[in-house]
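Topology and contacts: notes
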Amino acid sequence: MNPRVKGLDRVAPGTQFDAPVSGFTTFRIGGPAWAVARLHGPEQLRDTIRFLVDRELAFRVMGKGSNQLFPDEGFRGVLLLLGDGFDSLEIGQDGLFTAGAGLSLPKMANVIARHGLGGLEFSAQIPGAVGGSVAVNAGAFGQELHSRLVSVTAVNRQGTAVELPASALKGCYRTTALKGHQDLVLTSATFQAVPGDPKAVQQKQKEYGIYRDRTQPLKQASAGCVFKNPGKDCASAGALIEQLGMKGWTVGDAEVSRKHANFIVNRGQARAADVLELIARIQKHALAEAGIHLHPEIEFVRNEGEASGLAGIEESRESPAIRESQV
Ligand SMILES: Cc1cc2nc3c(=O)[nH]c(=O)nc-3n(C[C@H](O)[C@H](O)[C@H](O)COP(=O)(O)OP(=O)(O)OC[C@H]3O[C@@H](n4cnc5c(N)ncnc54)[C@H](O)[C@@H]3O)c2cc1C
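To keep things clear, this report deals only with the structure shown in the data block. Every value quoted in this text rests on a predicted model; they were computed, and no experiment measured them. (Residues numbered from 1 in each chain as written. Predicted model: local features only at pLDDT ≥ 70, side-chain atom pairs only at ≥ 80, totals over all residues. Heavy atoms only, no water.)

1. So, the site of the ligand
Residues in contact with the ligand amount to 37 residues; listed here are only the nearest, Ser66, Ser133, Gly139, Gln182 and Glu299. Between an oxygen atom of the ligand and a side-chain N or O atom of Glu299, the distance comes to 2.7 Å. Computed on the free molecule, the ligand has an accessible area of 970 Å², of which 95% lies beneath the protein chains in the complex. Secondary-structure elements contributing two or more residues to the shell around the ligand are strand S3 (59-62), helix H4 (130-136), strand S9 (139-140) and strand S13 (184-192). A class-by-class count of the residues in the shell around the ligand yields 17 nonpolar, 15 polar and five charged. (Near = heavy atom within 4 Å. Polar contact = N/O pair within 3.5 Å; in protein donor to acceptor, adjacent residues only side chain to side chain. Areas by Shrake-Rupley, 256 points an atom, 1.4 Å probe, with all protein chains shown as cover. Helix = DSSP H or I, 4+ residues; strand = E, 2+ residues; numbered from the N terminus. Nonpolar A, V, L, I, M, F, W, Y, C, P; charged D, E, K, R; others polar.)

Take a look at the structure:
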């Protein structure tokens, strides 16, 4: 155990030390974290953040780990998982509802559909948690969570609970002011849905699900779409990668999916280094052959003071962090 995390299990009983991150991500990739703490409510979250900030320990909150690539050497810090205590769902009046940050999006979608709450059908098969999905502004089929987001509650780095309007998070295409910063841990999100017929909402969700089953490699480990769609003359990163003949390209056990060219799948033993090398090769080829810069949608986790493994990769420019004065 790293001596700097000694005592964390007093604040967060059940903390696992030196636990492989791979078990907490959908890519199934990542070396050990110094500690992984599963928290069971906002009060424990506040205490834990104070503990970590007092000791100047790096930490990252995890949703379902479906949009991140962790380094092979592991994470020199603490992963925070939101357990029970963050999985509530309260249905309010006139289409408003509030979901705990740890609740899975498919579960949320299931329940709101039964209440006939529409407008978020696109999210029903996105394998994230509410907090992680709001933090990256997940979306599909031309829609995104922030178009339905009203407000959030969160805990800041001082360990104080705050409430913010959606506009403070500055959501835009697959990013927000939260992504990549770890300044705020979301504890819940309130959305405005469109009241309607439960059967119609369920039917729309089902159609989206059938489309995904047909087009995405859902049985293989991945982190979803690797690149953002470039826009302008090239609407889809997947179509571009396919046209340029990159389906099936491999580095080690990392492979450009043969089913959906914007997915990189882990065939079993892929390392982060393999995925990064494959991403760099795809970017280089897309630039050379089509003059298009492909920017990653997935987040590359780095240890403090390191830019490990990212040589040759063109990263997305994320939004500036939310300023202290705003939280
Ligand atoms: C098969 C598959 C299909 C996918 N399809 C889609 C799709 O259609 N559309 C889409 O947008 N994405 C898609 N994804 C990617 C991913 O599922 C989404 O981006 C998802 O919303 C990420 O949520 P998460 O909980 O897994 O976030 P994580 O990967 O756990 O975290 C993402 C970021 O959010 C931060 N974060 C997590 N929780 C919190 C919190 N409580 N407070 C503050 N910050 C937090 C993390 O620190 C990290 O920076 C897909 C992935 C897979 C594997």
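2. Quick notes on the sheet that holds S3
In a beta sheet, neighbouring strands pair by backbone hydrogen bonds and run either parallel or antiparallel. The strand order S1-S2-S5-S3 describes an open sheet built from four strands, whose pairing is mixed. With one partner strand each, in any of the chains shown, strand S1 (16-20) and S3 form the two edges of the open sheet. Neighbouring strand axes in the sheet, compared pairwise and without regard to direction, differ in orientation by 40° on average. By the bridge criterion, four bridges tie S3 to strand S5 (residues 75-82) in an arrangement that is parallel. Residue pairing across strands places Arg60 opposite Leu79, the latter belonging to S5. (Pairing = 2+ DSSP bridges. Axes fitted to C-alpha atoms, helices over the stretch in contact; angles between N-to-C directions.)

3. Focus on the packing of helix H3 (residues 105-114) against helix H5 (residues 198-215)
Following both chains from N to C, one finds H3 and H5 inclined at 150°, their axes separated by 8 Å at the closest point. Between H3 and H5, the crossing angle belongs to the class labelled roughly antiparallel. Taking contact as the criterion, the partners of Ala109, Ala113 and Arg114 in H3 are, on H5, Pro198, Val201, Gln202 and Gln205. Its residues assigned to classes, the contact of H3 with H5 shows four nonpolar, two polar and one charged. (Parallel < 35°, antiparallel > 145°, perpendicular 65-115°, else oblique. Contact = heavy atoms within 4.5 Å.)

4. Digging into the environment of Phe141
Position of Phe141 among the secondary structure elements: in the loop between S9 and strand S10 (143-144). When the C-alpha atoms of Phe141 and Phe122 are compared, they prove to be 6.5 Å apart, with 19 residues separating the residues in sequence. Filtering out sequence-adjacent residues up to four positions away, Phe141 remains in contact with Phe122, Tyr208, Tyr211 and Arg212.

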